[in-house]
Amino acid sequence: MGKRISELIFVGLLSVLIAGAASAAQVPKAGGVLNATLTEAPPSFSLHEEVTISTVWPMMPCYNNLILFDPLKKQESMETIIPELAEKWTLQDGGRSLVFFLRKDVKWHDGRPFSSKDVKHTFDTIREVEGVTAKLRVNPRKLWYENVESIDASTPDAVVFRLKRPQQSLILMLASGYAPIYPAHVPVTELRSKCLGTGPFKLKEYRQGELIEMVKNPDYFVKGRPYLDGIRYTIIKDRSTRYAALQAGRQDIPFIWEVAKTNAETTKRAVPKLVLVESSTNVNDHILVNLTRPLFKEPKIRNAVSLAVDRKGYIQAGRQGAAIIGGVMLPKPYGVWGLPEAEQKKIPGFGDAAKNKAEAKKLLAEMGYGPSKPLKFTVSTRAIPIYVDISGFIIDQFKQVGIEATLEQVETGVWHAKMTRREFDVAVNATGIGPDDPDANLYENFKCVSARNYSAYCSEEMDRLIEQQSQTLEQKKRLQLVNEIDKRLQLDGARMMLGWSKEYVVMWPHVKNVVPHQSIYNYGRMQEVWLDK
């Protein structure tokens, strides 16, 4: 008995020691430089003018929002929003006034004090209010703030968003990585080539096409943060070279939007101690047809294009398993608002692939196209692997129903401008949404006047439904409306949805507090990241 008691005491002490050691190992360490990768140079540094993670990922550390999704909680929601430049916030006037109380100890990277004027300047610029002279070159998220009637910054440490009506989604959109505060004393044109924020890191050096180097902001308003001395984003265009650099230990973390399941799993097998995290991206893949072109005004042609593509094949061959079936909104288990799988399968194009292809051929024949007279058009896509991967698959699918498509690869620097000008026939595109929220997605991509409505889809009835869901405060009723909108947009061919990509983030175990979220756009601040080595 005595020996048994001694053994139990020993095991207990050992457990305490192990637990203590584990606990001690988790105490954040200061210092070190995080080696991260980019797939391409950002088209610009201006977050409010860009629509790509290639800008968001390296620029988020430079700025702050009023509020932000907690970087340490992977599933974003209203409950995971934390303060940044605002210490607290409250709704007043029956939800028609959103009041932010601001921190008083914040300075811009050039030493100038931050105030409510900077907040007003930022959102008045995006809203393009009368009298504002600063203009964004492109303004992809202007409609996010369509419900804002005015912004009151009469006191330096408080700002009031006065709304036309209560809007739940506004707080979620303000917590996105796409909602940083810009300095009022710096022209927005200068922020395309430099970052001057209040964030935990300052720009040290940018070598075009090679690297972006950030250094710790010693005057950061959160004491003891950031832990890192700096971040070095190395631009490596070739995917295999990026993973080789990670495997060899020259890089600590990959780019967070590779959608390369096979590469990630191969790298993990080669170096088992690497950490592999599976997550969603909140990025959907889809086909766009240019509705301003006479050819695509014909519903039979649009339907044939959609029916030609096997959605299961898209997941297995186009995305190598790194995607899930879905419609306009991110589906479960990652999203809140997506169509149930059973409903999504009823959408034309998502059923039996052989029957769909036969129907596509029939429709093309009715329009006079066949083996002796194939339908021909150009398929445009962005010249990076994540786009090119599925474009090759899509073109092969078109070929199987008799469509001859020619691939056009477009560099990122001109891709979004080209899409905005609608200089394409058909495009294979991917669209990321800041937060998983109906207003963020529907206003930005489907309202008639949005700059991001690339296909030129326009329906007054749809615009009315989008407004209606935004005004609906009861969750169950709003979900029903959003599901109905989702189905109608797909049936109308506003965008021919393929699915939603998944990410497989491989990183070294010494990287701590990089927590992939269900949206890749909201966790790049790096304030809490540290290196355990």
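Everything numeric in this text was worked out from a predicted model, so none of it was measured.

With respect to topology, 4 strands assemble into an open sheet ordered 4-5-7-6, the strand pairing being antiparallel. Here the strands that pair on one side only, and so sit at the sheet edges, are strand 4 (86–92) and strand 6 (148–155). Pairs of neighbouring strands in the sheet enclose a mean axial angle of 15°, with direction left out of account. Seen against the sheet, helix 3 (residues 116–127) touches strand 5 (97–102), strand 6 and strand 7 (158–163) and runs at an angle of roughly 160° to strand 6.

All right, on to the state of the cysteines then. Scanning the entire structure with this criterion turns up 1 disulfide. Covalent S-S linkage joins Cys 448 and Cys 458, the inter-sulfur distance amounting to 2.0 Å. Taking the sign of the S-S torsion, about 100° here, the bridge from Cys 448 to Cys 458 comes out right-handed. Taken together, the residues Cys 448 in the loop between helix 13 (438–446) and helix 14 (460–471) and Cys 458 in the loop between helix 13 and helix 14 connect sequence positions 10 residues apart. A residue is classified by how much of its surface remains accessible, and Cys 458, at 51% relative accessible area, is exposed.

All chains considered together, the criterion is met by 14 aromatic pairs. Relative to Tyr 182, the ring of Tyr 63 has its centre 5.6 Å away and its plane inclined at 35°; by these criteria the two rings are tilted. Of this pair, Tyr 63 sits in the loop between helix 2 (53–59) and strand 2 (67–69) while Tyr 182 is found in the loop between helix 4 (169–174) and strand 8 (201–207), placing the two residues 119 residues apart along the sequence. Relative accessible area serves as the criterion here: at 0%, Tyr 63 is assigned to the buried category.

So, about helix 11 (residues 385–400). In this model, helix 11 (16 residues) spans 23 Å end to end at C-alpha, consistent with the 22 Å of a helix rising 1.5 Å per residue. By the burial criterion, the buried members of helix 11 are Ile 386, Tyr 387, Ile 390, Ser 391, Phe 393, Ile 394, Ile 395, Gln 397 and Phe 398.

Taking burial as the measure, the 6 residues of strand 7 include 5 buried ones, the bulk of the element. Bridge analysis of strand 5 against strand 7 gives 5 bridges, and the strand direction is antiparallel. Each residue of the ladder has a partner; that of Phe 101, found in strand 7, is Ala 158.

It is at 12 Å that the axes of helix 13 and helix 15 (residues 475–491) come closest, and there the two elements cross at 30°. By the angle class used here, helix 13 and helix 15 are roughly parallel. Both helix 13 and helix 15 take part in a crossing whose hand is left-handed. Packed against helix 13, whose contacting residues are Pro 438, Asp 439, Leu 442 and Phe 446, the element helix 15 presents Arg 478, Val 482, Ile 485 and Leu 489 at the interface. Taken together, the residues that form the contact of helix 13 with helix 15 break down as 6 nonpolar, no polar and 2 charged.

So, on to the side chain of Ser 306. Checked against the element boundaries, Ser 306 lands in helix 7 (residues 299–307). Classification of Ser 306 by relative accessible area gives buried; the value is 11%. Sequence-distant contacts of Ser 306, that is, excluding residues within four places in its chain, are made with Arg 311, Pro 348, Gly 349 and Met 496.

The subject of this paragraph is the environment of Ile 256. Along the chain, Ile 256 turns up in the loop between helix 5 (239–247) and helix 6 (261–270). For Ile 256, a relative accessible area of 1% translates into the label buried. C-alpha separation for the pair Ile 256 and Glu 503, spaced 247 residues apart in sequence, amounts to 7.3 Å.

The next point concerns the pairing of strand 5. With 5 of 6 residues buried, strand 5 is to be regarded as a mostly interior element. Note that strand 4 and strand 5 share 6 bridges and pair antiparallel. Paired with Leu 91 across the bridge in strand 5 is Leu 98. Counted between consecutive antiparallel strands, the loop separating strand 4 from strand 5 contains 4 residues, among which Asp 93 sits at a positive phi close to 55°.

Now for helix 7. Listed in full, the buried residues belonging to helix 7 are Ile 301, Arg 302, Ala 304, Val 305, Ser 306 and Leu 307. For helix 7, the secondary structure elements touched by its buried residues are strand 11 (275–289), helix 8 (311–318), helix 10 (353–366), strand 13 (375–382), helix 11 and strand 16 (496–507). In this structure Glu 298 caps helix 7, since a side-chain oxygen of it lies 3.2 Å from the backbone nitrogen of Lys 300.

Rules behind the numbers
Here the residue numbers are simple positions, counted from 1 along each chain's written sequence. This being a predicted model, a pLDDT of at least 70 is required before a residue's local features are given, and a value of 80 or more before pairs of side-chain atoms are given or counted; all residues contribute to the totals for chains, interfaces and linings. Hydrogens and waters are ignored; side-chain quantities use all the structure's heavy atoms. By definition, two strands form a pair when at least two bridges between them are found by DSSP. The secondary structure listing takes helices from DSSP runs of H or I that are at least 4 residues long and strands from runs of E that are at least 2 residues long, numbered from the N terminus. Throughout, an axis means a line fitted to C-alpha atoms (over the contacting stretch in the case of helices), and angles, computed between N-to-C directions, take values from 0 to 180 degrees. Residue contacts are counted whenever heavy atoms from the two residues lie within 4.5 Å of one another. Counting rule for disulfides: a pair of cysteine sulfur atoms within 2.5 Å. Three labels apply to residues, based on accessible area from a 1.4 Å probe with only protein chains included: buried if under 20% of the type maximum, exposed if over 50%, partly exposed otherwise in between. Classification of ring pairs uses Phe, Tyr and Trp, with its six-membered ring standing for Trp, and accepts pairs whose centres are within 6.5 Å; under 30 degrees between planes counts as stacked, over 60 as edge-to-face, and the remaining range as tilted. To estimate how far a helix should reach, multiply one less than its number of residues by 1.5 Å. To sort the angles, those under 35 degrees are grouped as roughly parallel, those over 145 as roughly antiparallel, those from 65 to 115 as roughly perpendicular, and the leftovers as oblique. Each crossing gets its hand from how the near helix is turned against the far one by less than a right angle, where anticlockwise is left-handed and clockwise is right-handed. Gly falls in the polar group here, along with every residue not listed as nonpolar (Ala, Val, Leu, Ile, Met, Phe, Trp, Tyr, Cys, Pro) or charged (Asp, Glu, Lys, Arg). For this analysis, a polar contact is any N or O atom pair within 3.5 Å, provided that within protein one partner can donate a hydrogen and the other can accept it, and provided that sequence-adjacent residues contribute only side-chain to side-chain pairs.

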